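Residue-level listing of the chains:
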Amino acid sequence: MSFFGKFFNKKKKEDLDKGLEKTKTSFLNKLSKAVAGKATVDEEVLDELENILITSDVGLDTTVKIIERIEGRVAKDKYLNISELNSILKDEIVQLLGENNIQDLEDYILPNPDVKPNIILVVGVNGVGKTTTIGKLAHQYKSQGKKVVLGAADTFRAAAVDQLKIWAERVGCDFYSKGMNTDPAAVAYETTQYAIQNNCDVAIIDTAGRLHTKVNLMKELSKIKRSVDKAMPGAPHDVMLVLDATTGQNAIEQATHFTNATQVSSLALTKLDGTAKGGVVIGISDQFKIPIKYIGVGEGIDHLQVFNKKAFVESLFEGEVVGN
Amino acid sequence: MFDNLSDRLEGAFKTLKGEGKLTEINIAQSVKEIRRALVAADVNYQIAKDFTNRVKDKALGQENILKSIKPGELMVKIVMDELTELMGGQTAGINIKGDPGVVLVAGLQGSGKTTFSGKLAHFLITQRKKKPLLVACDVYRPAAINQLGVIAEQVKAGFYKEPENKNPVEIALSGIAFAKENGYDVVIVDTAGRLSIDEAMMKEISAIKNAISPNETLFVVDAMTGQDAVNTAKAFNEVINYDGVVLTKMDGDTRGGAALSVKYTVGKPIKFVSMGEKMDTLDIFHPDRMAQRILGMGDIISLVEKAQSQFDEEEAKRLEKKIRKNKFDFNDFLSQIGQIRKMGDLKSLIKMIPGMGKMMKNIDIDNSAFDKIESIIFSMTPLERSNPELINTSRKKRIARGSGKSMEEINRFIKDFEQMRKMMHKFTKMEGGPGGMGGGAGRRIKRRRKSKFRR
Ligand SMILES: Nc1nc2c(ncn2[C@@H]2O[C@H](COP(=O)(O)OP(=O)(O)OP(=O)(O)O)[C@@H](O)[C@H]2O)c(=O)[nH]1
Ligand SMILES: Nc1nc2c(ncn2[C@@H]2O[C@H](COP(=O)(O)OP(=O)(O)OP(=O)(O)O)[C@@H](O)[C@H]2O)c(=O)[nH]1
Ligand SMILES: [Mg+2]
Ligand SMILES: [Mg+2]
């Protein structure tokens, strides 16, 4: 029987409060305790592993996948000690994130350095951090001396245009808007034209948050994307789906529907400065073969980092913030 | 994958037909399924374990008194009852007594605080005849003040801001003073989003709370939140000891296990459910609906119960006969609508049919569609009602006038009706059983379940 199956039949009663204690101890510590005096990795260890993965929002399927891979390695290599196990574990998850040759970015590079301008369309459900991520990314490009314009195609949410405008001012980049309650596809189209005419290196287009279940809003998004393509064939060069690390398994649905509507080509994972781990992206990256490009680690202009698989996986087991 | 827990539970029980008692052994598999369903719904891992243990204890040895019910269904019922009870508890309303009443709104970044503040103001204006003032205490997020200002204007609530002031405690206090001077009877204080581990920001919210002594402190949490919900709910509770929880973005398809995690961890009631970006999409919390949602299942038991208690068997038989003979008329249609109305909201009813929940996700069913149908049928003569084929163009014209509908609408309606009649007739032939929306519903659903099962 697979380990996972066994777990769910387990009769042992857990002390809830104890279980909910925020764990300060690292996974490694826990592992050491669990295997103290034992020569092999036993089910208790895998049990603990499962606990960690699930509570990091990795999800059932991906957790099973990871555990099976570990089991496979353990069966093959036998008598692993704990530090070996630890590195194998991280290795396996990193691989899961990196299969199909998804490389981590080296820096804040343009999606397609061969064309000018690059158009980046930013999409996602409500409140995940799209606008903030755009501001932070614009800042990075700007610091590289690039000419950047932000396009305010969220014409719906109260004060959305103002919010992006303030970010453009902070960054000191260009800003294109037609005001509130205007056609977002037209804003996207004109922002692209603006970028072409004004010799911009990159245009980043903000869109209104929308739940992936709203059919009409998803159609609107497809239309926005098409209008960008009309203004510049081949654009957008990146459709970035922003996911909130606090989100649980629903992020998979989000990825599915946004991918269908706009062919998402990269992910940004925000709010990793909090206590949430964002483990759901492992499964998403694996399933959709989309690279995670950036992570948000705060509300400030500098709080964007290039995603690093190793550091991310490390953070799942450490109760600590990624990077920093 | 975990779309239909009741089917899966039935699967777990299929080898146990005829078992009268639930035992540790025969429920092991279903306990596992329930756990998986909960975890897949983002219920915290530890809570899922603890909860299923409780369910197991409840279930053990329980005599299956309802002989007709399958052990799987009994198990579902136990889970549902337990979950509903857990989520419900005290159904406290919002406390806005005070002069003025003060509501403090807090939570993580982007959870929906500002939007909720506007919705609450709208709710108080329209449902409670209050005069609320929205106070902008988010001094950090770009355009946060503006956002609240736009919303205040939308819902026609008062709005208080101090754009130059970076001290939210001061702004909150002067907002309350402003309310007193200007005859506002409720103050809603919108605050900046903050992480529970951001000590400075948590100190700030605590200082705001201490300074303004709100009558009601609400913690706003995104229904899509995953495992972290427990940490945040707990940390905020320790600092501001909130009175209730607001669950936002429930208009999506998240299972919303966070609701259980939060309730379980802090025991505070969920007071409001936010269901959209528009200002009138605030709902009170229904524990039973939430329980169903988390389990991701149509509640087959309650549908069957409802259907059985509400449908008059005789009427159903009568209809069935008529349908068979293709004699279903407008009178029958009216009575069907009446039956459905008795059963409650159509959409929630359809959602209860296993498999339909997902299909219906993007479809809006408007109960008021029935109003239109009824008004058209009411404009027909008794003769026309029992003889649909009599209705010709001049009769249609009269019906159109009588019901205030256009000819187009009447034509479409008659056409739809004919089509429905044909379909029903076909259906009875095909299934060889009762048809229509009448008494057959319960049985037909059971049949669907079985066939799904065999697959
Ligand atoms: N702590 C933290 N907060 C963040 C991060 N990214 C964004 N936020 C905050 O999250 C909230 C929502 O961010 P926005 O950028 O407005 O999100 P959005 O996706 O544009 O929202 P809508 O346009 O309303 O759908 C704001 O308070 C941001 O400051 C992050 O990485 N860490
Ligand atoms: N679909 C949907 N969107 C919602 C709901 N509540 C809020 N939103 C949206 O979620 C996003 C964030 O909402 P806000 O009210 O700005 O959230 P907030 O908690 O005030 O955010 P910060 O002040 O940045 O912490 C906006 O796009 C809202 O329109 C809801 O119930 N359903
Ligand atoms: Mg935005
Ligand atoms: Mg806000």
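Just so we're clear, the structure is a prediction, and the values are computed from it rather than from any experiment.

### As for the overall build of chain A
In step 1: When helices and strands are tallied, chain A shows 13 helices and eight strands.
In step 2: Expressed as a percentage of the 324 residues in chain A, the buried residues total 52%.
In step 3: Once local pairs closer than 6 in sequence are excluded, the contacts in chain A between residues at least 24 apart make up 76%.

### Here's the deal with the site of ligand 1
In step 1: As a matter of local geometry, ligand 1 sits amid 27 residues, with Gly129, Thr132, Gly209 and Gly296 of chain A together with Gln109 of chain B nearest to it.
In step 2: Per element, the largest residue contribution to the shell around ligand 1 is three residues, and it comes from helix α7 (residues 130-143) of chain A.

### Topic: the sheet that holds strand β4 (residues 186-191) of chain B
The strands making up a sheet associate through backbone hydrogen bonding, with each pair oriented either parallel or antiparallel.
Residues and elements named next belong to chain B.
In step 1: If you walk across this open sheet you meet the eight strands as β3-β2-β4-β1-β5-β6-β7-β8, and the pairing is mixed. Two strands in the sheet have a free side with no partner beyond their single neighbour: β3 (158-160) and β8 (282-284). The average undirected angle you get between the axes of adjacent strands in this sheet is 25°.
In step 2: Pairing geometry for strand β7 (residues 270-274) and β8, over three bridges, is antiparallel. Residue Phe272 lies in a different strand from β8, and its bridge partner there is Ile284.
In step 3: Contacts between helix α5 (residues 113-128) and the sheet are confined to β1 (101-107), β2 (132-137), β4, β5 (216-222), β6 (244-248), β7 and β8, with β4 contributing the most and set at about 170° to the helix.

### What to know about the packing of helix α7 (residues 168-181) of chain B against helix α8 (residues 199-212) of chain B
Residues and elements named next belong to chain B.
In step 1: Between α7 and α8, the least distance of the axes is 9 Å, while the angle of their chain directions is 25°. Here α7 lies roughly parallel to α8, going by the angle between them. Judged by the twist between their axes, the crossing of α7 over α8 is right-handed. Where α7 approaches α8, its residues Pro168, Val169, Ala172, Leu173 and Ile176 are matched on the opposing element by Glu204, Ala207, Ile208, Ala211 and Ile212.
In step 2: Split into classes, the residues belonging to the contact of α7 with α8 amount to nine nonpolar, no polar and one charged.

### Remarks on the confidence of the model for chain B
Residue and element names in this part refer to chain B.
In step 1: On average, residues of chain B score 80 in pLDDT, and 73% of them are at 70 or above.
In step 2: Residue range residues 353-362 is modelled with pLDDT below 50. Its contacts to residues more than four positions away, or to other chains, number 24 contacts.
In step 3: With pLDDT under 50 throughout, residues 431-455 is counted as low confidence; its partners more than four residues away or in other chains account for 44 contacts.
In step 4: Both scores are given for the predicted complex: the pTM is 0.78, the ipTM 0.88.

### What about the interface of chain A and chain B?
In step 1: Counting from both sides, the interface comprises 40 residues of chain A and, opposite them, 44 residues of chain B.
In step 2: Of all the secondary-structure elements, those providing two or more residues to the side of chain A that touches chain B are α1 (3-9), α2 (16-20), α4 (43-55), α8 (160-171) and α11 (250-262) of chain A.
In step 3: Looking at the side of chain A that touches chain B, the element that brings in the most residues is α8 of chain A, giving four residues.
In step 4: Grouping the amino acids of the side of chain A that touches chain B by side-chain chemistry returns 14 nonpolar, 17 polar and nine charged.

### Notes on the environment of Lys58 of chain B
All names here are of chain B.
In step 1: By secondary structure assignment, the location of Lys58 is in helix α3 (residues 45-59).
In step 2: Owing to 15 C-beta atoms within 10 Å, Lys58 belongs among the partly exposed residues under this scheme.
In step 3: Between the alpha carbons of Lys58 and Ile78 there is a distance of 7.5 Å; along the sequence they are 20 residues apart.

### Let's talk about the domain arrangement of chain A
All names here are of chain A.
In step 1: Per the domain assignment, the segments of chain A are domain 1 (3-98) and domain 2 (118-308).
In step 2: Counting residues at the interface gives 10 residues for domain 1, matched by 10 residues for domain 2.
In step 3: The element contributing the most residues to the side of domain 1 that touches domain 2 is helix α6 (residues 82-98), with three residues.
In step 4: Classifying every residue of the side of domain 1 that touches domain 2 gives five nonpolar, three polar and two charged.

### As for unusual backbone geometry
In step 1: The omega torsion across Lys116 of chain A and Pro117 of chain A is -5°, close enough to zero to call that bond cis.
In step 2: Within the fold, Pro117 of chain A resides in the loop between α6 and β1 (118-123).
In step 3: Of note, the amide linkage connecting Asp99 of chain B to Pro100 of chain B takes the cis form, showing an omega dihedral of 0°.
In step 4: By the secondary structure assignment, Pro100 of chain B is in the loop between α4 (71-87) and β1.
In step 5: Even without being glycine, Asp57 of chain A reaches a positive phi, approximately 70°.
In step 6: By the C-beta count within 10 Å, which is 29 here, Asp57 of chain A ends up buried.
In step 7: At Lys249 of chain B, a residue that is not glycine, the phi angle is positive and equals roughly 60°.
In step 8: Following the sequence through the fold, Lys249 of chain B ends up in the loop between β6 and α10 (257-266).
In step 9: Overall, the presence of 27 C-beta atoms within 10 Å leaves Lys249 of chain B in the buried class.

Rules used in this analysis
- Residues numbered from 1 in each chain as written.
- Chains lettered and ligands numbered in written order.
- Predicted model: local features only at pLDDT ≥ 70, side-chain atom pairs only at ≥ 80, totals over all residues.
- Helix = DSSP H or I, 4+ residues; strand = E, 2+ residues; numbered from the N terminus.
- Buried ≥ 20, exposed ≤ 12 C-beta atoms within 10 Å, placed from the backbone.
- Contact = placed C-beta atoms within 7 Å.
- Near = placed C-beta within 6 Å.
- Pairing = 2+ DSSP bridges.
- Axes fitted to C-alpha atoms, helices over the stretch in contact; angles between N-to-C directions.
- Parallel < 35°, antiparallel > 145°, perpendicular 65-115°, else oblique.
- Left-handed = near helix turned anticlockwise from the far one by under 90°.
- Nonpolar A, V, L, I, M, F, W, Y, C, P; charged D, E, K, R; others polar.
- pLDDT = per-residue confidence, 0-100.
- Domains from an automatic or database assignment.

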